[in-house]
Number of protein chains: 2
Amino acid sequence: MKHNYLKNVPLAEAKAILSDRLNAVGFSADTQTVSVTDACGRVIKDAAYARICSPHYNASAMDGVAVKAQSTFGAGERTPVTLAPGDYAVVDTGDPIPEGFDAVIMVEDLIETGEGRLQIISAVYPWQNVRQVGEDICMGDMIAPSFTTLTPSLCGALLAGGITEIEVIKKPVVGVIPTGDEIVPPTDDPRKGDVIEFNSTVFKGMLGSFGAETRIYPITPDDKELIAAAVEKALSECDVVLVSAGSSAGRDDYTSEIIDSLGTLLVHGIAIKPGKPAVLGVISGKPVIGVPGYPVSAIVIMDEIVGDVVSMYYGKARPEKETVKATLAKKIVSSLKYTEYVRVSLGRIGGRISASPLARGAGVITSFTRADGVLIVPQDREGVEAGEEVGIILNRPLHEIENTLIITGSHDPLIDEVSDRLAKNGAPFRVCSTHVGSMGAIYAVRDGLAHMGGIHLLDTETGEYNKSYIKKHIPGDSAVAVKGVGRVQGLMVRKGNPLGIRSFSDIRNARYVNRQRGAGTRILCDHLLKKYGISPDEIEGYDNEEFTHTAVAALIAAGNADVGLGIYSAAKMYDLDFIPVCNETYEFLICRKYLEDPMVRAFLEVLYSDGFKARLNEMGGYSEG
Amino acid sequence: MKHNYLKNVPLAEAKAILSDRLNAVGFSADTQTVSVTDACGRVIKDAAYARICSPHYNASAMDGVAVKAQSTFGAGERTPVTLAPGDYAVVDTGDPIPEGFDAVIMVEDLIETGEGRLQIISAVYPWQNVRQVGEDICMGDMIAPSFTTLTPSLCGALLAGGITEIEVIKKPVVGVIPTGDEIVPPTDDPRKGDVIEFNSTVFKGMLGSFGAETRIYPITPDDKELIAAAVEKALSECDVVLVSAGSSAGRDDYTSEIIDSLGTLLVHGIAIKPGKPAVLGVISGKPVIGVPGYPVSAIVIMDEIVGDVVSMYYGKARPEKETVKATLAKKIVSSLKYTEYVRVSLGRIGGRISASPLARGAGVITSFTRADGVLIVPQDREGVEAGEEVGIILNRPLHEIENTLIITGSHDPLIDEVSDRLAKNGAPFRVCSTHVGSMGAIYAVRDGLAHMGGIHLLDTETGEYNKSYIKKHIPGDSAVAVKGVGRVQGLMVRKGNPLGIRSFSDIRNARYVNRQRGAGTRILCDHLLKKYGISPDEIEGYDNEEFTHTAVAALIAAGNADVGLGIYSAAKMYDLDFIPVCNETYEFLICRKYLEDPMVRAFLEVLYSDGFKARLNEMGGYSEG
């Protein structure tokens, strides 16, 4: 088993090595001439100077008559002036002012007195109601400096200034070579071991936002010669080449060797997490980047390295990313070995913006789809404390983050279903829901980190749900539980119940999959263990924790576990057998001051609507809360 | 002369009338199915649920060997465990965990002891280093609710969840019909009276940003039948039709009549400025909008009305516009007759953001190209006082506005030239320069509204430039003048000097074009008038004020005036004759606390560079400052 080790080059150093080299080899943009009518969004190469004035002639600014201003002097209510035919010319807005005239009287100010005579009762001054030559743009004026990105109105100004064609930076073509024996094109029916190739689609979207075009090459197996040939072909057709996956130091990771043999290997391994196994090199004057296969690592490398490469091509400073100050909701531990990129969800609750770290696994693409922003923890810090104010790079506009209903707590698919109905109804806000269990809801609502959260907390002494927990943990009367749904909890087992599980005590003889600490379902599990006198040590898989009902169901369906507690709708989704254990009260804990918040109201209105009850019936296992 | 009058419907009412009608006729989107690999940026119609788990099998998270976790229990430094062939299987990252195994040991933690035996000195727990089924996405989970705009990472998540095709909202096709006898396609050589058709290009760019496609129809002359035929053709091919120009109430404005005869005319005339002469109607269930011909009015109607129409088509709430709080730098007077849209430039100087109103003419497209934002003055307000805090809708990202060197003061083309060099050098900031004359520079720098400004203020008593003005107006030592350039001021006259102007006193016999009050050149003019004993009343055109040297030159070249004061480079640009009057000292007044600001330093470095001196020589009329 061959194994090499990666270097651990600090990010800034890696960037400097690459940009120095690219500058040295003269990496830069080609240009092309395009019609200004098609140039919106393009970057111009040189400053654009107006070729003509706009207006390019003296134009009437009104519908009316052109006159010699002097001929109107002295006109007043008591001293009207009459213009004879020849003293004026009828003009519409935009018409040229005929020779000899220098002002316009508005049609509203004219009194027709017959035989073509017009009476006026106020004078005009020279050039009044005339758009003089160059009022908007003067010939020779710089309309836009070099490297300006053309906006719609700038395109208009260029055309107004007589510029019909313009030299723009040709968009760089970035070739993407997906590699790997296990990689297959997108499918809904992959075989075991097949890895669906979706990184190139993510790259295409990101490259588009950088201003680059993407050419995706066929999937190339883990064969050094084949990958080298693909790189050489891509180099002949593209400005930048990305080799997707194979950038680490495993048996089948050839990117660094290929770059080393065809050109100059600059960096292999960057001190960032995720994103470490990246390769930076230059072949034939063009950057060749080995991008890690894990999607989250890949996105970080795309953003930090490939985005910079595209900017270098354009010769333009990279636009700064929008950031916001936020209060970190949960402690982050980080390593001195890396600069770490932590995806966070953001919420503005009562004035302050809080940032909650999301899952940190490099394979979890959903941590990026859910991320409102990224917190960069510098290499020289071991972590960030909860409550600390931090700068967050925004992934979506701030006003979108501010118009977000934040639901943090127990998982139930109904939350997504309500969100979907809200979206369908055109609600002017989005819902961000995070699954941290019922106790998580209690803390998040109490600490002002969420508007509301789902809870189903069984008081094992009274048999009542939620009340005693709220009394214990929520100070004063600052949050209240409102009606949600009733739902059935039960044991989920594979179809046909192969182990013949009948009641909770039977889990002793099976591989169990548990929920995380603080989840209402975990509390139920622990209560049942106690009731049946079972010690957690007796349960195989007690420490195997998942965060959602569907995740538990998925593991049972896959055979990783035999049994787990969950709600009926999850069992139904995975075609599992379901042994009901209890009916529970799933409520929403809502911060009192947000009870009348329009987002909260809209959420509850959908939840309580008849249409939604029909949807709950479809999902199964729900009753009136 | 036929003349109708427009109605003056408040904007909110006009919007409600249109949206009620469009709802009533069932105006809404078509959909289409696209490959997820091509779906980035598209809006999905329905919620997307994962069809498979991701990972869809138990995958090794590391390069190493798969084992049964139980077989490693008890392994320690003093109690190593040896795995025989058959106890393990070699796996790379992403490989499926073979049947019977449930954990992975990293390659780094293995010691080969020969004959295929591997020694380990620490145990693994079940599912350690394994990405279990559904770790990222569980089958049945909602990946995105209805109407989500797909980001690159969402496309990745959809593919990971086994979704290869998806139903998205078909982009609406918006037909644009440019109308007008005087309208010509873009050219650099228009005849007098020709109006260059650039609005459709502006619309295309804006429509693209709204998520619509644009189909531009040929220019149609002011003929009711021809325009009606064009509207009917466009209606048969598009989802929305815009008739560009002809929306007012003049002789040749047919849009409202055509809508009235083919469908339902809803609104003609909206109480906004600019943008009043707009027409809203519905024909065959599709919106038909008459957009005013003046570009600024057109942009306001596009933004307020057509943007809403596209959102209605999508059935999605329109994204809120980003706003910022700013202090108004100059009083605005507005009318109770209109909601007024005032374009402003924004600058952050020392913590606070100030907004300076730009030119308000409806024909001035450059007021939009220069605008950083828009201030909406509600209909019920007569204006806004200087110093008032106002909300500004941003036209560019806030961080771009914050990275802006603000130069406010006397006009000289060299400022644009320096900006261009900075852009070419990849400077990470932009320059915003406003021409308000030398006295404007004094006030702007004094009041913290600009980092710096050009000044050339002649002290008529001492003959010295700038010093006495700074002493008088700048408190303490808070701003200093730094070296700029020397430049020649003179009289500009048409080529061949047809009126035989020799010295300043000759302007008595010519039509003069002046500069605005507060301009250094205006102060020079007034000084010379005094010196020669000429009263301003004697000068025809003394009240004809322009804001730049090029604007003065353009009017002389066009024949609107015979003579004006200006710098040599402007005369040269317009091929005018130039009679030198004096050499002046053009300096930059800089707020002392910004003397070391990196943007200010970078500006001066370029200005003082040898390369730039060569450029000044090309422009002509400059000397060492």
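Bear in mind the structure is a predicted one, so any value in this text is a computation, not a measurement.

> Any chance you could break down the pattern of salt bridges for me, citing the residues and the numbers?
In the structure shown here, the tally under the stated rule is 78 salt bridges over all chains. Residue A:Glu417 pairs with A:Arg615 through a salt bridge whose shortest N-O separation is 2.8 Å. In this pair, A:Glu417 sits in helix α9 (residues 413-424) while A:Arg615 sits in helix α16 (residues 610-619), placing the two residues 198 residues apart along the sequence. The exposure classification of A:Glu417 matches that of A:Arg615, with both residues buried. One salt bridge in this structure joins B:Arg487 and B:Asp412, with 2.5 Å as the shortest N-O distance. Of the two residues, B:Arg487 is situated in strand β32 (residues 479-493) and B:Asp412 in the loop between β29 (404-409) and α9 (413-424); the sequence distance between them amounts to 75 residues.

> Outline the interface of chain A and chain B, supporting the account with residue identities and numerical values.
In this assembly, 108 residues from chain A lie in contact with 108 residues from chain B. Both sides together, the interface formed by chain A and chain B hides about 8,900 Å², and carbon and sulfur atoms give 58% of it. Our count for the chain A to chain B interface comes out at eight salt bridges. A salt bridge links B:Glu99 to A:Lys192; its shortest N-O distance comes to 3.9 Å.

> For the sheet that holds strand β6 (residues 88-91) of chain B, give the residues involved together with the corresponding values.
Residue and element names in this part refer to chain B. The antiparallel open sheet is built from three strands, whose spatial order is β6-β4-β7. Each having just a single partner strand, β6 and β7 (103-106) make up the two edges of the open sheet. Neighbour-to-neighbour, the strand axes of this sheet turn through a mean angle of 35°, independent of strand direction. Taken together, the four bridges between strand β4 (residues 64-67) and β6 define a ladder with antiparallel strand orientation. Paired with Val65 across the bridge in β6 is Val90.

> Summarise the sheet that holds strand β16 (residues 213-216) of chain B; cite the residues concerned and give the values.
Whenever strands of a sheet pair, they do so through backbone hydrogen bonds, lying parallel or antiparallel. All names here are of chain B. One open sheet accounts for six strands, arranged β16-β13-β17-β21-β20-β18; its pairing is mixed. A single partner strand is all that each edge strand has here, and the edge strands are β16 and β18 (264-268). When strand polarity is set aside, the average angle formed by the axes of neighbouring strands in this sheet is 20°. Sheet analysis places β18 next to strand β20 (residues 279-283), joined by four bridges and oriented antiparallel. Bridge pairing links Val267 to Leu280 in β20. Across the sheet, helix α5 (residues 255-262) is in contact with β17 (240-244), β18, β20 and β21 (286-291); its angle to β20 comes to roughly 25°.

> Please provide a residue-by-residue account of the environment of A:Ala59, values included.
All names here are of chain A. You can see Ala59 is positioned in strand β3 (residues 59-60). On a C-alpha basis, the gap between Ala59 and Asp102 in space is 10.0 Å, while along the polypeptide they are 43 residues apart. The residues contacting Ala59, other than those within four sequence positions of it, are Gly94, Asp95, Ile97, Asn129, Val130 and Arg131.

> Quick rundown of the relation of the copies chain A and chain B? Include the residues and the values.
Of the two same-sequence chains, chain A is brought onto chain B (RMSD 0.1 Å, axial shift 0.0 Å) by a rotation of 180°. In symmetry terms, the pair is related by a two-fold rotation axis. Minimal C-alpha distance to the rotation axis in chain A is attained by A:Pro397, lying at 4.9 Å.

Rules and cut-offs
- Residues numbered from 1 in each chain as written.
- Chains lettered and ligands numbered in written order.
- Predicted model: local features only at pLDDT ≥ 70, side-chain atom pairs only at ≥ 80, totals over all residues.
- Heavy atoms only, no water.
- Salt bridge = Lys/Arg side-chain N within 4 Å of Asp/Glu carboxyl O.
- Helix = DSSP H or I, 4+ residues; strand = E, 2+ residues; numbered from the N terminus.
- Buried < 20%, exposed > 50% of the residue type's maximum accessible area, 1.4 Å probe, protein only.
- Contact = heavy atoms within 4.5 Å.
- Buried area = accessible area lost by both parts, 1.4 Å probe.
- Pairing = 2+ DSSP bridges.
- Axes fitted to C-alpha atoms, helices over the stretch in contact; angles between N-to-C directions.
- Least-squares fit on C-alpha atoms with pLDDT ≥ 70 in both.

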